[in-house]
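Reading the structure
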Amino acid sequence: LKFYTFIGTFSVVSLLTADPVDRLTSLFDVNNHSLEKYDIFNEKQIDDFRLTVVITVCILTGLFQVALGILRLGVLVVYISEPLLSGFTCASAVHVFTSQLNGLFGIRLNRATGPFRVFYIINNFIHIIKETNLVTLLISMICITIICLPSPVLPDIRLVPEVLMESIIVSFVSLATTISLVKLYAKKGGYNVGYTQVCFI
């Protein structure tokens, strides 16, 4: 089951986790490069703060998923149709891929929001792909192969009210994504899976 988690939820969860990070760190620029509430007063501290936000969201998400498992609520996902889950998984992959094009190719895509966002991004990417920074692309490939992880930090309890709702969303989305893959592989392999068990993967 860990295989499903690896290929199914990691990218989606990373994308969703980036939302509260971007939202909270954007306040740093708005407030004249300081976040007094969290004792952030310079660029070095804001980098550490990003990691703290990520850790806090991940801890909360894990706690919510444990609660889902204890309450045996994983079974609720069974009522979501297989075509919907398959479409969701595929769409998530597309969104994750397009969100990484800027950094991967060293280009600056126009920001797009709302419906058809992915199509606008892909269209923009096709038009400026010739501007790809080859050094950045090479470094991206190396980093994908050998990832250097930062040192772990403790979550900040002050962030809980700020990221609580987003953590709940991450926990449900990651559960739905994992179960969609479990159902697909279970159908292909001809075996049954207890969906509540997925909450504890």
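Our structure is the block above this text.
A brief structural summary. (Residues numbered from 1 in each chain as written. Predicted model: local features only at pLDDT ≥ 70, side-chain atom pairs only at ≥ 80, totals over all residues. Heavy atoms only, no water.)

1. Things to note about the overall build of the protein
Each helix and strand counted, the protein has nine helices and zero strands in total. Along the protein, helices and strands appear, N-terminal first, in the series α-α-α-α-α-α-α-α-α. Among the 201 residues that make up the protein, the fraction classed as buried is 34%. Counting only contacts in the protein whose residues sit at least 6 apart along the sequence, the fraction spanning at least 24 positions is 73%. When the accessible surface of the protein is summed, it comes to about 12900 Å², and 67% of that surface belongs to carbon and sulfur atoms. (Helix = DSSP H or I, 4+ residues; strand = E, 2+ residues; numbered from the N terminus. Buried < 20%, exposed > 50% of the residue type's maximum accessible area, 1.4 Å probe, protein only. Contact = heavy atoms within 4.5 Å. Areas by Shrake-Rupley, 256 points an atom, 1.4 Å probe, with all protein chains shown as cover.)

2. Details of helix H6 (residues 117-128)
Spanning twelve residues, H6 covers 17 Å between terminal C-alpha atoms, matching the ideal 16 Å at 1.5 Å per step. Considered for burial, the residues of H6 that qualify are Val-118, Ile-121, Asn-124, Phe-125 and Ile-128. Viewed along the axis of H6, the buried residues span an arc of 130°, placing them on a single side of the element. For H6, the exposed residues lying more than 90 degrees away from the buried face are Phe-119, Tyr-120 and Ile-126. (Expected span 1.5 Å × (residues − 1). Arc of directions from axis to C-beta.)

3. Here's the deal with the pattern of salt bridges
With the rule as written, the count across this model stands at three salt bridges. As a salt-bridge pair, Arg-23 and Glu-162 come within 3.7 Å of each other at their nearest N and O atoms. Separated by 139 residues along the polypeptide, Arg-23 in helix H2 (residues 10-30) and Glu-162 in helix H8 (residues 160-189) bring together distant segments of the chain. Since its relative accessible area comes to 33%, Arg-23 is described here as partly exposed. The partly exposed category is assigned to Glu-162, whose relative accessible area is 28%. Its salt-bridge partner being Arg-23, residue Glu-166 comes within 2.7 Å of it at the nearest N-O pair. Placement of Glu-166 in helix H8 and of Arg-23 in helix H2 is noted, with a sequence separation of 143 residues between them. The class for Glu-166 is buried, based on a relative accessible area of 19%. When salt bridges with common partners are traced through the structure, they connect Arg-23, Glu-162 and Glu-166 into a single cluster. (Salt bridge = Lys/Arg side-chain N within 4 Å of Asp/Glu carboxyl O.)

4. Some words on the nonpolar core
Nonpolar side chains in soluble globular proteins generally cluster together in the buried interior. By size, the foremost hydrophobic cluster in this structure holds eleven residues: Val-21, Leu-24, Tyr-38, Ile-40, Ile-46, Phe-49, Val-53, Val-57, Leu-60, Leu-159 and Val-163. Ranked by residues supplied to this core, first place goes to helix H3 (residues 43-70) with five residues. Leu-104, Leu-109, Ile-121 and Phe-125 belong to the second largest nonpolar core, which has eight residues in total. (Core = buried A, V, L, I, M, F, W, Y, C linked by side-chain atoms within 4.5 Å.)

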